[in-house]
Amino acid sequence: MKFHARVPVRIDFLGGITDCPPFSDEHEGAVLNAGISRYIYATLELTNDKNICLTSKDFNSSVEALNVDALELDGNLDLMKVCLKRFTLDTGFKLTTYSDVPPGSGLGSSASLTIAILAVLKQALGQSITPHEMASLAFAVEREDLGTFGGSQDQFGAALGGINYLTFHGKDVGIQQLAGRFTTSSIAPSTIFELQKRLLLVYTGSSHVSSDILRDMQKSYYQPESETKEAMHKLKELADKGKAALFKGDLETFASLINENWYWHKKLHASCGSPELEELYKLATENGAISGKTCGAGGGGCIVFYCKDGERATLRKLLEKQYSQTANQPQYNILDFVFDYEGLQVWQT
């Protein structure tokens, strides 16, 4: 029998990073994000022997072992290993994962991967699976078992799908879904359609390690002359304003808030920006984009642009013609998507 899971990644529009400690411990963070139709997949196939095999198609890497206890955390597929150590399967199995997005994209793919793996394991054991529980469990696995640093907007955005306004204070997560299967207060469909029509998601070709950037911010947070704390307060305010703008259908204001978010995001730490990101931002805003920001911690990964009406196709064609000077291949990768309203999905074959 095979158990499958599909989990969307997310775009964080406004307020990203304020879900991270120490800010979220001392104050209330807020993030406006959305699940998108780019997915992380996991498949668990039970076998008749006791051996186990872990395979990541994205990293072209496999690990074989006699049992879960024999798995060592050595930098190779460690996320898969720590997930397995949370459960006990009495049979051999093959666990395979793959992704619709590049590693280090800034779209929360590690959180989506964790949820997908945990979901297939819980399926095989006949345990209940709810998005809220899976988000909390994935957060615990990444932070406690694997020791990575970060907040929890990725886990909740991925598990729930939809468009979400999330608040964070210590371990408490407040969820207000603005569109999706757990919707509490709905945005007008016309606003969602127009927003989706205007967005262009671009992978810069440069991955990042978000936990490293977040640790840089954490150190900067406590320095007397640092702008990090002020920037986080501003980012939190932008998430609040963005929610209000969406309810009003005021996408002109929403677009301007994305620009403000990028301005304050770069104030968090020098590693959040780069000359390459500024070059892409300048090119885009001169050719159809009204605003844009990096996704996740920044420093690379993806940028989401909000385009002028009818200009998304123009900008897309321009970026597709940009070639790397060091390799005969496109410099930027356009990631097409629509909003995902389902979040975590599981099934068996």
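Above this text you will find the structure in question.
What you see is a predicted model; the values in this text were computed from it and never measured.

What counts as what
- Residues numbered from 1 in each chain as written.
- Predicted model: local features only at pLDDT ≥ 70, side-chain atom pairs only at ≥ 80, totals over all residues.
- Heavy atoms only, no water.
- Helix = DSSP H or I, 4+ residues; strand = E, 2+ residues; numbered from the N terminus.
- Buried < 20%, exposed > 50% of the residue type's maximum accessible area, 1.4 Å probe, protein only.
- Pairing = 2+ DSSP bridges.
- Contact = heavy atoms within 4.5 Å.
- Axes fitted to C-alpha atoms, helices over the stretch in contact; angles between N-to-C directions.

### Focus: unusual backbone geometry
Apart from glycine, the bulk of residues carry a negative phi angle, and the bulk of peptide bonds sit in the trans form.
Next, step 1: In this structure, Pro 22 follows Pro 21 across a cis peptide bond, with omega equal to 10°.
Next, step 2: Along the chain, Pro 22 turns up in the loop between β1 (2-14) and α1 (23-26).
Next, step 3: Residue Asn 60 is not a glycine yet carries a positive backbone phi of 50°.
Next, step 4: Looking at the secondary structure, you find Asn 60 in the loop between β3 (52-56) and β4 (61-65).
Next, step 5: For Leu 77, which is not a glycine, the phi torsion comes out positive at approximately 55°.
Next, step 6: Examined against the element boundaries, Leu 77 turns out to sit in the loop between β4 and α2 (78-84).

### Considerations on the pairing of strand β10 (residues 302-307)
Next, step 1: The buried fraction of β10 amounts to six of the six residues, a majority that puts the element mostly inside the structure.
Next, step 2: Every second residue of β10 is oriented toward a common face, with Cys 302, Val 304 and Tyr 306 on one face and Ile 303, Phe 305 and Cys 307 on the other, all of them buried.
Next, step 3: Relative to β10, strand β8 (residues 199-203) runs antiparallel, the two sharing five bridges. Directly across from Leu 201, in β10, lies its bridge partner Val 304.
Next, step 4: Sheet topology note: the strand β9 (residues 289-294)/β10 ladder contains five bridges and is antiparallel. Looking across to β10, one finds that Ala 289 is bridged to Cys 307.

### Thoughts on the sheet that holds β9
Next, step 1: Strand order in the open sheet made by the four strands is β9-β10-β8-β11, with antiparallel pairing throughout. Looking at strand neighbours, the two that pair on one side only are β9 and β11 (333-334), the edges of this open sheet.
Next, step 2: Strands β8, β9 and β10 of the sheet are contacted by helix α6 (residues 189-198), whose axis makes an angle of about 40° with β8.

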